[in-house]
Amino acid sequence: MRNFLSVHSIGDVEKLAQEAIEIKSNPFQWENLGKRKTMVLVFLNSSLRTRISTQKAAQNLGMNTIVLNLGTDSWNMEFEDGAIMNGSTAEHIKEGAAVISQYADIIGLRSFPTLTDKDRDYSEFVLNQFLKNIKVPLVNMESATVHPLQSLTDLMTIREFATKPRPKVVLTWAPHIKALPQCVPNSFAEWMNKAEVEFVITNPKGYELHEKFAGAATFCKNQTEAFKNADFIYAKNWSSYTDYGQILNTDPNWMVNAEKMALTNNAKFMHCLPVRRNIVVADEVIDSENSIVIQQAGNREWAAQAVLKRILEKL
Ligand code: AN0
Ligand code: CP
């Protein structure tokens with residue numbers, strides 16, 4: 001594997017999740033694989049988990065790591081070809097990415113969507129501008145449409161906690177006060193559609209995900225119905241794809257609470273974090289024994305390490 005951009009960058013999703021589980025049990029087995037190699041992690045947005053777990057993963061493989069918060073630590077970057085740069089941007093991606101590329105053996109990029117320009121976001125404009133101007137592998141640390149390091153972590157976590165070979169996994173939309181990306185649910189859907197699970201998505205009208213990501217999933221418009229017999233409840237808010245970036249619904253009845261969890265098959269509760277308590281999920285659920293959000297976040301390190309190991313093996 002050269003670039004890790006989405007589920008399409010890898011073959012068997014279950015195999016990679018198993019590799020991550022094996023790495024977790026023996027993290028320093030490949031501690032020299034990345035010796036004298038450097039990973040530069042470029043962030044255009046905030047991050048807690050991705051920032052720390054990906055650095056840790058690279059360091060476990062012997063790599064050096066450098067974090068760059070683009071625009072705050074460095075100059076403001078211009079992404080448009082042909083731009084007359086008389087505004088707030090001081091450096092063009094053509095020079096910026098090419099220069100970073102000379103210092104790095106692997107680049108990680110968190111770019112996020114605009115949530116205002118659907119075409120720009122769904123063409124992965126920023127990610128592709130980086131790809132065009134670098135000569136080293138790129139790891140997607142959440143782009144405009146997907147978050148594959150999160151999805152690999154999610155599959156790994158489901159395998160660790162599953163009590164049957166083909167668990168029922170339910171992705172449920174939940175309310176939020178801000179417009180959030182579709183990356184996590186898009187990506188979760190495309191990974192679950194390739195995994196050995198029964199996969200159901202439930203969301204209010206107007207929050208249907210792009211069919212390219214979620215097309216093969218079973219859709220259930222009734223959240224209560226969807227929760228029945230679930231083995232895993234994966235909650236996430238996202239803004240509308242069709243009415244792009246808009247908040248169409250803030251109905252608190254979509255929050256995950258104990259009453260709804262009681263309908264499940266003693267399901268585990270999952271969320272990628274960060275999460276707004278008592279908006280997305282009630283304290284009684286996230287603080288319960290069935291909540292595995294902390295273990296899930298912990299697994300980000302092993303998922304990232306499995307991905308970096310595959311890239312380093314091909315360098
Ligand atoms: C981001 C999102 O929803 O995509 C990052 C989650 C990994 N969440 C927020 O911005 C709160
Ligand atoms: N889940 C996740 O990617 O979290 P951060 O945004 O904190 O990295």
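Numbering of residues starts from 1 in every chain and runs along the sequence as written. Here chains are named by letter from A upward and ligands by number from 1 upward, in the order in which they appear as written. Restriction of local features to residues with pLDDT of at least 70 applies here, the model being predicted, together with a cutoff of 80 or more for giving and counting side-chain atom pairs; totals for whole chains, interfaces and linings are based on all residues. Side-chain numbers come from the whole structure's heavy atoms, not from hydrogens or water.

Brief notes about helix H13 (residues 300–313)
Line of reasoning, step 1. Here H13 contains 14 residues, and its C-alpha end-to-end distance of 20 Å stays within 8% of the 20 Å for a straight helix at 1.5 Å per residue.
Line of reasoning, step 2. Burial within H13 is extensive, with 13 of its 14 residues counted as buried. For the purposes of this entry, the term helix denotes a DSSP run of H or I that reaches at least four residues, the term strand denotes a run of E that reaches at least two, and both are numbered from the N terminus. The span you would expect from a helix comes to 1.5 Å times its residue count less one. Residue exposure (1.4 Å probe, protein chains only): buried if accessible area is under 20% of the type maximum, exposed if over 50%, otherwise partly exposed.

Considering the nonpolar core
Line of reasoning, step 1. Buried Ala, Val, Leu, Ile, Met, Phe, Trp, Tyr and Cys residues form a nonpolar core when they are joined through side-chain atoms within 4.5 Å. Counting residues in hydrophobic clusters, the biggest one holds 55 residues, and the most contacted among them are Phe-4, Val-139, Phe-199 and Ile-201.
Line of reasoning, step 2. Counting residues per element, this core draws most heavily on H13, which supplies eight residues.
Line of reasoning, step 3. Each of domain 1 (7–146 + 300–312) and domain 2 (150–297) gives at least three residues to this core.
Line of reasoning, step 4. We call two residues contacting when some pair of their heavy atoms lies within 4.5 Å. Contact partners of Ile-201, with chain neighbours within four places excluded, come to Leu-171, Ala-189, Leu-209, Ala-214, Ala-217, Thr-218, Phe-219, Cys-220 and Trp-238.
Line of reasoning, step 5. With 21 residues, the next largest nonpolar core counts Cys-220, Ile-233, Met-261 and Ala-297 among its residues. What marks off one domain from the next here is an automatic or database domain assignment.

Thoughts on the packing of helix H2 (residues 49–60) against H13
Line of reasoning, step 1. Look at H2 against H13: their axes get within 8 Å of each other, and the N-to-C directions meet at 50°. In terms of their interaxial angle, H2 and H13 are classed as oblique. In the packing of H2 onto H13, the handedness of the crossing is right-handed. Residue-level inspection shows Arg-49, Thr-50, Ser-53, Thr-54, Lys-56, Ala-57, Ala-58 and Asn-60 of H2 in contact with H13, the latter providing Arg-300, Glu-301, Trp-302, Ala-304, Gln-305 and Leu-308.
Line of reasoning, step 2. Each residue gets one of three labels, nonpolar for Ala, Val, Leu, Ile, Met, Phe, Trp, Tyr, Cys and Pro, charged for Asp, Glu, Lys and Arg, and polar for the others, Gly among them. Along the lines of polarity and charge, the residues of the contact of H2 with H13 split into five nonpolar, five polar and four charged. Convention adopted: a line fitted to C-alpha atoms gives each axis, helices being fitted over their contacting stretch, and angles between N-to-C directions are expressed from 0 to 180 degrees. Our angle categories are set so that under 35 degrees counts as roughly parallel, over 145 as roughly antiparallel, 65 to 115 as roughly perpendicular, and the remainder as oblique. Note: crossing handedness is left-handed where the near helix turns anticlockwise from the far helix by less than a right angle, and right-handed where it turns clockwise.

Details of the site of ligand 1
Line of reasoning, step 1. Every residue close to ligand 1 is listed here: Phe-112, Glu-142, His-147, Leu-180, Pro-181, Lys-236, Cys-272, Leu-273 and Pro-274.
Line of reasoning, step 2. By the criterion applied in these results, polar contacts are pairs of N or O atoms within 3.5 Å in which, for protein atoms, one can donate a hydrogen and the other can accept it, and in which residues neighboring in sequence qualify only through two side-chain atoms. Separating an oxygen atom of ligand 1 from a side-chain N or O atom of Glu-142 is a distance of 2.6 Å.
Line of reasoning, step 3. Lys-236 places a polar side-chain atom, nitrogen or oxygen, 2.7 Å from an oxygen atom of ligand 1.
Line of reasoning, step 4. Protein chains shield 83% of the accessible area of ligand 1, which is 330 Å² for the free molecule.
Line of reasoning, step 5. Among the residues making up the shell around ligand 1, the classes are represented as six nonpolar, one polar and two charged. A molecule or strand has a residue near it when one of that residue's heavy atoms lies within 4 Å. Each accessible area value is a Shrake-Rupley result obtained with a 1.4 Å probe; residue values ignore everything except the protein chains displayed when judging cover.

Brief notes about the sheet that holds strand E11 (residues 268–270)
Line of reasoning, step 1. One open sheet holds the five strands; their spatial order is E9-E8-E7-E10-E11, and the pairing between them is parallel. Each end of this open sheet is capped by a strand with a single partner; those strands are strand E9 (218–219) and E11.
Line of reasoning, step 2. Bridging between strand E10 (residues 232–236) and E11 involves three bridges; their strand directions are parallel. In the strand pairing of E11, Phe-232 is matched with Lys-268. Paired strands are those between which DSSP finds at least two bridges.

Purely spatial values, then, with no claim about function.
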